[in-house]
Amino acid sequence: KLIDDVRKKRKMLSDLGCFRDRLAMYNLSIEEKKTTEVKAKVLSVPEPEFGNGIKVRPTNGAFTLQNKIFAKPATLNSLAVVDFSGNQLVCDELVGTVCQVAEEKHGILIPSITKTILRRLDNVTKRYEGRNMADDALSVIKCAIERARDAYICDSTGAFWEKHVWFETTCFLGDEEKIHKCLILPPASTTNYAGIMFDSSGDIGFTHYITTADGRKCNARLKVKIKEADTLIDPFDFRYNSDNGYNEAIYNNEWVPVGFNGYCYECSDGRVVEKQDIANSEFAHSERDWKIDCPDIMLVVLPDKGKALYDHVKFVSNQCSGVQTQCASLDTFNRQRNKEQYSTALATKMNAKLSTVEDGAIAWRGAVDWVNQCHTLVIGIGMAHGMGRGAETIVGISTCLDGQCFRLLHSAYVQKKADTLSKDAMIDLFTESWKGYCNANGNVEPCRILVYRDGMSDGNFTKADDEIDSIRAAIKKLKLKECECKSGCSVCCPPITYVICQSQHSIRIVPATDREGYPVKSGGVNVHSGTVVDHTITELGALKIQDDVPDDFIDQLKDKGKVLFPSSSASSSYDFLLTAQGGLKGTSKPMYYRVRLNENANWGPSKSNVTPLTKETLENCTYHMSYQYATAPKAVREVPVVKYAKRVASQVLSGLKYLKDGDCRWYGKTLRLHIPMDEIEDETGRRPVMEMLNEDGSKVNEKTNLLCGSIHGHKGA
């Protein structure tokens, strides 16, 4: 009705001949749509590789995952289920179908004892029967976790005891970054905590402190006796084969059927002590000191795609329980003609979330050619803004840990509402990314840097220069002994490419004729996935020209192990419009990539396989990276490293209220976000900070603003 009224008034004013005059009074005018015909190009399509070397060629930016064995499948050692659907029968069907498809169609490893436990889902499932789902989400999820831990760690079902094996998982010690493969020894009758057995030698290899009947004490490791030989078998070399129905052990470097003949203990001095000869024993390592990963993931069955309950479940998962969740919609599952297709989508997401720094599980391999030439640090920065005056801005940062840009490390930062990052914030975030990359790559430092920055408008391009300087300052701080300059400079730092990603613009790219486009469901055509326009309508004002190059620049590069590329590789502008996604309806909206700085086009590490980052190389690199979104078999519109950063920021923003109130828990610790008053003049003093408190209220460590510890565990890195 409002639109009709406006049209009538416009016609009336136009008839009077005064419409344009009235607009001019308010400095307004009617601008006709401008159409410019330009020549575009379609980039080469990468071919994702699955298990057994099978490659697929995407069609218009998408490919299928059905019946494809993942390139590196993850392992699902334990699973908890939360049922909000109110339909037990269909919920159990959904969980069963997902597990079956994940194992049989995609190769995700589910141990036989885990499958035995999952055949009776009530062992690990909490079904909600109330009305206020969002309000009760925390208690429901905690109950599901407790049931899963009872079933797997305490062996409440007796499934492990019956087959003479132990629950295998991973664990870590406090704030230690390294994770350890381990077996869980269920609590003894005299204790209420489980023991831990590690697959290693030395002090950590002992499982028990024992006292024999004659009073002798020693450190010992639990061993398995078999009927076929006197050789003692290590528990890590002993398993149950559900397909054949018997135990197996590694004998002469291969798995062979064996008969279980009891347990014994092998002491540090070489003695073998039988179980009946022990007067007292206690675990050498227990869950009191180590954090056990159980359950690995939680499958949450929601009644529909309602956003309120979904957001609350994700917040509870990230900030309170420390267990990752995979949400599934019962309504969507019921409406599927092919339920395996929906289960494949869930299995793909679960494989990504179950990936660890140890196994590096990925669904498919993709080639991002320029990035995998040498150690390249690829970073994506995204923002999420709160509403209203005095709100906060969450800055999310994602760091690629490998040359395929598939495995990522995420962090978040809280600041007062702003579109730009302060110097201290950028230094903290980049330092976290640098250290995370080095830890994941054997302490090898990156030799070049590629940054994708989202959320920056044209008026803030000069602020991007400050962020670039902050990156150099952070590198100088990290490599203080090697830097001979008073401030971080181009020569002492790895070459930096800084790309601004703009999604809010009015440019659309459409085919000139129908036969040149790709047909869409709503009628008409769209441009093909990978369409690029890098001339005519792209501006030339974004690139920052290096104007302070010293005279002895080439000599300094050689001293630092770098080489100057030929001048032909450089360009006056690297801006381009990329339509990575394959549009199915409507008009596809391209991403506008504005390159503020590109040092990688001019110089780089002196290695034989390293090439300059030309305009064409950057376009292909960005497009191929768009296929590396781990939870969707297609090219996404935004480069995934930015898309993930924005998701992280949005999830932290959704739980900001609880962080301020101190309602967040992390492995027994309390997290609280402290927001200083605006009246504080010192910029550092105005920064919001995170506090981690023990149960008695004492502080765990110094205040920090990085939310890296509270929004992810080591799984899913």
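Conventions used here
- Residues numbered from 1 in each chain as written.
- Predicted model: local features only at pLDDT ≥ 70, side-chain atom pairs only at ≥ 80, totals over all residues.
- Heavy atoms only, no water.
- Helix = DSSP H or I, 4+ residues; strand = E, 2+ residues; numbered from the N terminus.
- Buried < 20%, exposed > 50% of the residue type's maximum accessible area, 1.4 Å probe, protein only.
- Contact = heavy atoms within 4.5 Å.
- Areas by Shrake-Rupley, 256 points an atom, 1.4 Å probe, with all protein chains shown as cover.
- Patch = residues over 30% accessible without salt bridge, like charges linked within 9 Å, V, L, I, M, F, W, Y side chains within 5 Å.
- Salt bridge = Lys/Arg side-chain N within 4 Å of Asp/Glu carboxyl O.
- Core = buried A, V, L, I, M, F, W, Y, C linked by side-chain atoms within 4.5 Å.
- Expected span 1.5 Å × (residues − 1).
- Pairing = 2+ DSSP bridges.
- Axes fitted to C-alpha atoms, helices over the stretch in contact; angles between N-to-C directions.
- pLDDT = per-residue confidence, 0-100.
- Parallel < 35°, antiparallel > 145°, perpendicular 65-115°, else oblique.
- Left-handed = near helix turned anticlockwise from the far one by under 90°.
- Nonpolar A, V, L, I, M, F, W, Y, C, P; charged D, E, K, R; others polar.
- Phe/Tyr/Trp six-rings, centres within 6.5 Å; stacked < 30°, edge-to-face > 60°.

**Here's the deal with the overall build of the chain**
Phase 1 of the analysis: Looking only at helices and strands, one finds 16 helices and 33 strands in the chain.
Phase 2 of the analysis: Out of the 717 residues in the chain, the part that is buried amounts to 51%.
Phase 3 of the analysis: Across the chain, every contact between residues at least 6 apart in sequence was considered, and the portion connecting residues at least 24 apart equals 70%.
Phase 4 of the analysis: With the model as given, the accessible surface of the chain reaches about 34600 Å², and the carbon-plus-sulfur share is 47%.

**Examining a nonpolar patch on the surface**
Phase 1 of the analysis: Taken together, the side chains of M25, Y26 and L28 make up a nonpolar region of the molecular surface, amounting to roughly 390 Å² of accessible area.
Phase 2 of the analysis: Within the fold, Y26 resides in the loop between helix 2 (19-25) and strand 1 (41-42).
Phase 3 of the analysis: According to the relative accessible area criterion, Y26 is exposed, its value standing at 61%.

**A word on the nonpolar core**
Phase 1 of the analysis: Ranked by internal contacts, the top residues of the largest apolar core, which has 135 residues, are L79, F84, Y152, Y452 and M625.
Phase 2 of the analysis: The element that contributes the greatest number of residues to this core is helix 5 (residues 133-152), accounting for 8 residues.
Phase 3 of the analysis: Counting 30 residues, the second largest nonpolar core, distinct from the first, contains L377, L429, F430 and I500.

**Side note on helix 14 (residues 640-654)**
Phase 1 of the analysis: Compared with the 21 Å implied by 1.5 Å per residue over 15 residues, the 21 Å span of helix 14 between its first and last C-alpha is a close match.
Phase 2 of the analysis: Looking at helix 14, one finds that the buried residues are P640, V641, V642, Y644, A645, V648, A649 and V652.

**Remarks on the sheet that holds strand 6 (residues 195-198)**
Phase 1 of the analysis: Strand order in the open sheet made by the 4 strands is 6-5-4-16, with antiparallel pairing throughout. Where the open sheet ends on each side, the last strands, each with one partner, are strand 6 and strand 16 (290-292). Taking each pair of neighbouring strands and ignoring which way they run, the sheet shows an average axis angle of 50 degrees.
Phase 2 of the analysis: In this structure, strand 4 (residues 167-173) lies alongside strand 16, joined through 3 bridges in antiparallel fashion. In the strand pairing of strand 16, L173 is matched with W290.

**Focus on the pattern of salt bridges**
Note on pairing: side chains with opposite charge can pair once their charged atoms come close.
Phase 1 of the analysis: Here the structure, examined in full by the defined rule, presents 26 salt bridges.
Phase 2 of the analysis: The salt bridge involving K115 is made with E103; its shortest N-O contact spans 3.0 Å. One end of the pair, K115, is in helix 4 (residues 112-118); the other, E103, is in helix 3 (residues 88-104), and 12 residues separate them in sequence.
Phase 3 of the analysis: The exposure class assigned to E103 is partly exposed, which follows from its relative accessible area of 26%.
Phase 4 of the analysis: With a closest N to O distance of 3.8 Å, K223 and E266 form a salt bridge. Taken together, the residues K223 in strand 8 (residues 217-226) and E266 in strand 13 (residues 260-267) connect sequence positions 43 residues apart.
Phase 5 of the analysis: Residue classification places K223 among the buried positions, given a relative accessible area of 11%.
Phase 6 of the analysis: Among the ionic contacts, a cluster of salt bridges with common partners joins D83, D92, D122 and R127.

**A closer look at the side chain of T207**
Phase 1 of the analysis: For T207, the location among the structural elements is in the loop between strand 6 and strand 7 (208-212).
Phase 2 of the analysis: Taking relative accessible area as the criterion, T207 reaches 0% and is therefore assigned buried.
Phase 3 of the analysis: Contact partners of T207, with chain neighbours within four places excluded, come to L185, M197, A220, R221, L222, E282, F283, A284 and H285.

**Here's the deal with the environment of K699**
Phase 1 of the analysis: Tracing the sequence through the fold places K699 in the loop between strand 33 (689-693) and helix 16 (708-711).
Phase 2 of the analysis: In this structure, the C-alpha to C-alpha distance between K699 and T670, residues 29 residues apart in sequence, is 9.4 Å.

**Some remarks on the confidence of the model for the chain**
Phase 1 of the analysis: When the pLDDT values of the chain are averaged, the result is 83; 85% of them are 70 or greater.
Phase 2 of the analysis: For the chain, the element scoring lowest by mean pLDDT is helix 16, at 41; strand 22 (residues 448-454) scores highest, at 95.
Phase 3 of the analysis: Residue range residues 708-717 is modelled with pLDDT below 50. Its contacts to residues more than four positions away, or to other chains, number 42 contacts.

**A look at the sheet that holds strand 19 (residues 376-385)**
Phase 1 of the analysis: Sheet architecture is open: 9 strands sit in the order 1-26-28-29-23-22-19-20-21, paired in mixed fashion. Each edge of the open sheet carries a strand with a single partner, namely strand 1 and strand 21 (408-416).
Phase 2 of the analysis: In this structure, strand 19 lies alongside strand 20 (residues 392-400), joined through 7 bridges in antiparallel fashion. Each bridged residue has a counterpart across the sheet, and for A384 the counterpart in strand 20 is I394.

**Brief notes about the packing of helix 3 against helix 9 (residues 339-354)**
Phase 1 of the analysis: With their axes 8 Å apart at the nearest point, helix 3 and helix 9 run at an angle of 70 degrees to one another. Between helix 3 and helix 9, the crossing angle belongs to the class labelled roughly perpendicular. In terms of crossing hand, the pair formed by helix 3 and helix 9 is right-handed. In this structure, helix 3 uses E93, L94, T97, V98, V101 and A102 to contact helix 9, whose residues at the interface are K339, E340, S343, T344, L346, A347 and M350.
Phase 2 of the analysis: Residues of the contact of helix 3 with helix 9, tallied by class, amount to 7 nonpolar, 3 polar and 3 charged.

**Side note on the environment of N694**
Phase 1 of the analysis: Tracing the sequence through the fold places N694 in the loop between strand 33 and helix 16.
Phase 2 of the analysis: Spatially, the C-alpha atoms of N694 and T670 are 6.4 Å apart, while their sequence positions differ by 24 residues.

**Quick notes on unusual backbone geometry**
Phase 1 of the analysis: The omega angle of the peptide bond from C294 to P295 is -5 degrees, so this bond is cis rather than trans.
Phase 2 of the analysis: Following the sequence through the fold, P295 ends up in the loop between strand 16 and strand 17 (297-302).
Phase 3 of the analysis: At C405, a position not held by glycine, the phi torsion is positive, near 55 degrees.
Phase 4 of the analysis: Here C405 is to be found in the loop between strand 20 and strand 21.

**Notes on the pairing of strand 29 (residues 591-598)**
Phase 1 of the analysis: Within strand 29, 8 of the 8 residues are buried, leaving the element largely enclosed by the surrounding structure.
Phase 2 of the analysis: Pairing geometry for strand 23 (residues 496-502) and strand 29, over 6 bridges, is antiparallel. Residue pairing across strands places V499 opposite V595, the latter belonging to strand 29.
Phase 3 of the analysis: The pairing of strand 28 (residues 576-579) with strand 29 spans 3 bridges and is classified as antiparallel. Within strand 29, the residue paired with L577 across the bridge is Y592.

**Focus on the packing of aromatic side chains**
Phase 1 of the analysis: Counting across every chain of the model gives 18 aromatic pairs.
Phase 2 of the analysis: Residues Y623 and Y627 carry aromatic rings whose centres are separated by 5.4 Å and whose planes lie at 75 degrees to one another, so their mutual orientation is edge-to-face.
Phase 3 of the analysis: The buried category is assigned to Y623, whose relative accessible area is 0%.
Phase 4 of the analysis: Accessibility expressed as a relative area gives 2% for Y627, which makes it buried.
Phase 5 of the analysis: Here the aromatic rings of Y629 and Y644 are separated by 4.9 Å at their centres, their planes lie at 35 degrees, and the arrangement is tilted. With Y629 in the loop between helix 13 (615-625) and helix 14 and Y644 in helix 14, this pair connects stretches of sequence that are 15 residues apart. The pair formed by Y629 and Y644 is uniform in burial state, with each residue classed as buried.

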